[in-house]
Amino acid sequence: MSWPDPSAYQNALRFPGRSLRDPELASCIITDHTLDGMPRPIAGAYTHVYRLVHPEGRSFAVRLFLKPRPDLPGRLSALLTRLAALLPPWFVPPQWQEDGIFAAGEWRPLIRMPWVEGTDLGEAIEQRLGSPVQLRALADAWKALVIHLESCGVVHGDLQRGNILIEETTG
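If you're wondering where the values come from, they're calculated on a predicted model, not measured in any experiment.

> Could you give an account of helix H1 (residues 6-13), with specific residues and numbers?
For H1, the complete set of buried residues consists of Ala-8, Tyr-9, Gln-10, Ala-12 and Leu-13. Those residues of H1 hidden inside the fold are in contact with helix H2 (16-19), strand E2 (47-53), strand E3 (59-65), strand E4 (95-103) and strand E5 (106-114).

> How would you explain the sheet that holds E2 if you had to name every residue and give the values?
In any sheet, the strands associate via hydrogen bonds between backbone groups, in a parallel or an antiparallel arrangement. Ordered by their spatial adjacency, 5 strands build an open sheet running E1-E2-E3-E5-E4, and the pairing between neighbours is antiparallel. Each of the sheet's edge strands pairs with one partner strand only, and the pair in question is strand E1 (42-43) and E4. Pairing of E3 with E5, which is carried by 5 bridges, proceeds in the antiparallel orientation. Looking at the pairing, Phe-60 lines up with Pro-114 of E5. Against the sheet, H1 touches E2, E3, E4 and E5, its axis set at about 85° to E4.

> Before we move on, can you summarise the nonpolar core with the specific residues and values?
Among the nonpolar cores identified, the biggest contains 16 residues, and Leu-20, Leu-52, Leu-64 and Ile-101 are the most heavily contacted of them. For this core, the elements supplying multiple residues, two or more each, are H1, helix H3 (23-26), E2, E3 and E4. Ignoring any residue separated from it by four or fewer positions in sequence, one finds Leu-20 in contact with Leu-13, Leu-25, Ala-26, Leu-52, Gly-100, Ile-101, Trp-107 and Leu-110. Of all hydrophobic cores here, the second largest spans 7 residues; its members include Ala-61, Leu-72, Leu-76 and Met-113.

> Before we move on, can you summarise the pairing of E2 with the specific residues and values?
Here E2 lies mainly inside the structure; 6 of its 7 residues are buried. Bridge analysis of E1 against E2 gives 2 bridges, and the strand direction is antiparallel. Bridged to Ala-43 within E2 is His-48. Hairpin connection of E1 to E2: 3 residues between the antiparallel strands. Note that E2 and E3 share 7 bridges and pair antiparallel.

What counts as what
- Residues numbered from 1 in each chain as written.
- Predicted model: local features only at pLDDT ≥ 70, side-chain atom pairs only at ≥ 80, totals over all residues.
- Heavy atoms only, no water.
- Buried < 20%, exposed > 50% of the residue type's maximum accessible area, 1.4 Å probe, protein only.
- Helix = DSSP H or I, 4+ residues; strand = E, 2+ residues; numbered from the N terminus.
- Contact = heavy atoms within 4.5 Å.
- Pairing = 2+ DSSP bridges.
- Axes fitted to C-alpha atoms, helices over the stretch in contact; angles between N-to-C directions.
- Core = buried A, V, L, I, M, F, W, Y, C linked by side-chain atoms within 4.5 Å.

In structure tokens, the structure reads:
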């Protein structure tokens with residue numbers, strides 16, 4: 001079986017109502033487009049992520065796989081079971097959909113998640129370079145998160161500046 005290339009996903013997402021099985025996602029639109037009008041992904045090594053916006057204002061992240069991952073449903077199920085027991089406040093729950101998107105002539109899996117607004121860790125650090133107090137607070141929060149992950153026996157495997165979003169808080 002051949003796997004869709006990124007352009008196949010872009011073509012499919014031009015018409016979410018036709019290509020997405022989940023009724024809530026199918027009613028969404030994609031607001032971020034390339035210059036030629038195609039849906040713009042956030043590109044990663046293994047997935048492309050698209051932001052879908054529901055008519056009621058909720059936004060979703062849809063992760064589409066660039067390579068087949070036959071082990072992923074089992075791994076994701078085990079991970080969700082473990083994390084649900086921990087109830088971490090920083091965890092964004094994914095939902096596996098085996099037949100989530102019709103692309104390149106076949107139904108393909110996707111992961112649906114709530115869209116989270118934030119600044120990636122690298123940009124958050126750069127924004128705080130002129131303020132040692134803010135930079136220390138960010139470093140302390142990061143250290144607390146890492147200690148919490150370790151105490152729960154959780155290993156992420158890809159904690160890097162682009163995979164971590166910092167929510168701005170007031171107070």
